[in-house]
Amino acid sequence: MFTLVWNMCKVYADAPVAWQKWSQDPATSNMEGIVDLHADICFFLIVILVLVLWVGARIVYSFHHTLQPVPERFNHHTSLELVWAILPSVIVTLIALPSLSLTYCFDDLVGKPRLTVKVVGAQWYWKYSMHEHVQMNLTKAAERLLLED
């Protein structure tokens, strides 16, 4: 009984948990935007997948040689070609608009970075250098504290 009550009172506070299936809850609005964009793209992915599988199965079933021994002869279907050309561009636009707005939200963070990490890849190793954007010089502040004593 004690373990049941103890497990109900646990608060995980967005920390990773063993055998966790999904991501942690987002802590910033930018991460919420990334999660929402992922959900939107997965929606489009599933809709396209179902549509393509349905059209493929319908083609395999409808044009089987036992149901239609003589194939039809037609070359152009203008309305089908228009839909086939316009639909992907609409889908790409619906994906691109939230993606671009999210990208421009990240530009606001670059204005005043607190820490810049420069990583240079050489042939067999990495070089790291960090530059802190601190307004005052910490070494002079330490010298002032020593001189005051």
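Conventions used here
Chains are numbered independently. Their residues run from 1 in the order of the written sequence. The predicted nature of this model means local features are confined to residues of pLDDT at least 70 and side-chain atom pairs, given and counted, to a pLDDT of 80 or more, with totals for whole chains, interfaces and linings taken over all residues. Derived side-chain values reflect all non-hydrogen atoms in the structure, with water molecules and hydrogen atoms excluded from consideration. UniProt positions are given in the numbering used here, feature names are shortened, and annotations may be inferred rather than shown by experiment. Secondary structure counts use DSSP, requiring at least four H or I residues in a row for a helix and at least two E residues in a row for a strand, with both numbered from the N terminus. Type-normalised accessible area, obtained with a 1.4 Å probe on protein chains alone, sets the label of each residue: buried when under 20%, exposed when over 50%, and partly exposed for intermediate values. Residue contacts follow a heavy-atom distance rule, with two residues in contact if any of their heavy atoms lie within 4.5 Å. Lines fitted to C-alpha atoms define the axes, with helix axes restricted to the stretch in contact, and inter-axis angles between N-to-C directions lie between 0 and 180 degrees. Relative orientations are named as follows: roughly parallel for angles under 35 degrees, roughly antiparallel for angles over 145 degrees, roughly perpendicular for angles from 65 to 115 degrees, and oblique for any other angle. For this classification, Asp, Glu, Lys and Arg are treated as charged, while Ala, Val, Leu, Ile, Met, Phe, Trp, Tyr, Cys and Pro are nonpolar and the rest, including Gly, are polar. Patches in this entry comprise residues that are over 30% relatively accessible and not in a salt bridge; like charges within 9 Å are linked, as are nonpolar side chains (Val, Leu, Ile, Met, Phe, Trp, Tyr) within 5 Å. The method behind every accessible area is Shrake-Rupley, applied with a 1.4 Å probe, and residues are considered shielded solely by the protein chains displayed. Salt-bridge detection follows one rule: a side-chain nitrogen of Lys or Arg within 4 Å of a carboxyl oxygen of Asp or Glu.

- In the nomenclature of an unreviewed UniProt entry, the protein chain is known as Cytochrome c oxidase polypeptide II of Pectinodesmus pectinatus.
- In its Sequence similarities (unreviewed entry) section, the UniProt entry covering the protein chain states "Belongs to the cytochrome c oxidase subunit 2 family."
- UniProt, in its Subcellular location (unreviewed entry) section for the protein chain, records the words "Membrane".

1. Describing the overall build of the protein chain
Okay, so step 1: Helix and strand counts for the protein chain stand at 4 helices and 2 strands.
Okay, so step 2: Its helices and strands in sequence order give the protein chain the pattern α-α-α-β-β-α, from N to C terminus.
Okay, so step 3: Counting the 149 residues in the protein chain, one finds 4% classified as buried.
Okay, so step 4: Restricting to contacts in the protein chain with at least 6 residues of sequence separation, those with at least 24 account for 36%.

2. Structural notes on the packing of helix α2 (residues 29-62) against helix α3 (residues 78-107)
Between two packed helices, what matters for the description is the angle formed by their axes and the separation of those axes.
Okay, so step 1: One way to put it is that α2 packs onto α3 with a least axis distance of 10 Å and a crossing angle of 170 degrees. With respect to α3, the axis of α2 lies roughly antiparallel. Contacts between α2 and α3 involve N30, G33, I34, L37, I41, F44 and I48 from the former and I91, L94, I95, P98, S99, L102, C105 and F106 from the latter.
Okay, so step 2: A breakdown of the residues in the contact of α2 with α3 according to their chemical character gives 12 nonpolar, 3 polar and no charged.

3. Observations concerning a nonpolar patch on the surface
Okay, so step 1: Residues L115, V117, V119, W126, Y128 and M130 make up a contiguous nonpolar surface patch of roughly 690 Å² in combined accessible area.
Okay, so step 2: Put simply, the parts of the chain that give the nonpolar patch at least two residues each are β1 (115-121) and β2 (126-132).
Okay, so step 3: As for its position among the elements, Y128 is in strand β2.
Okay, so step 4: According to the relative accessible area criterion, Y128 is exposed, its value standing at 60%.

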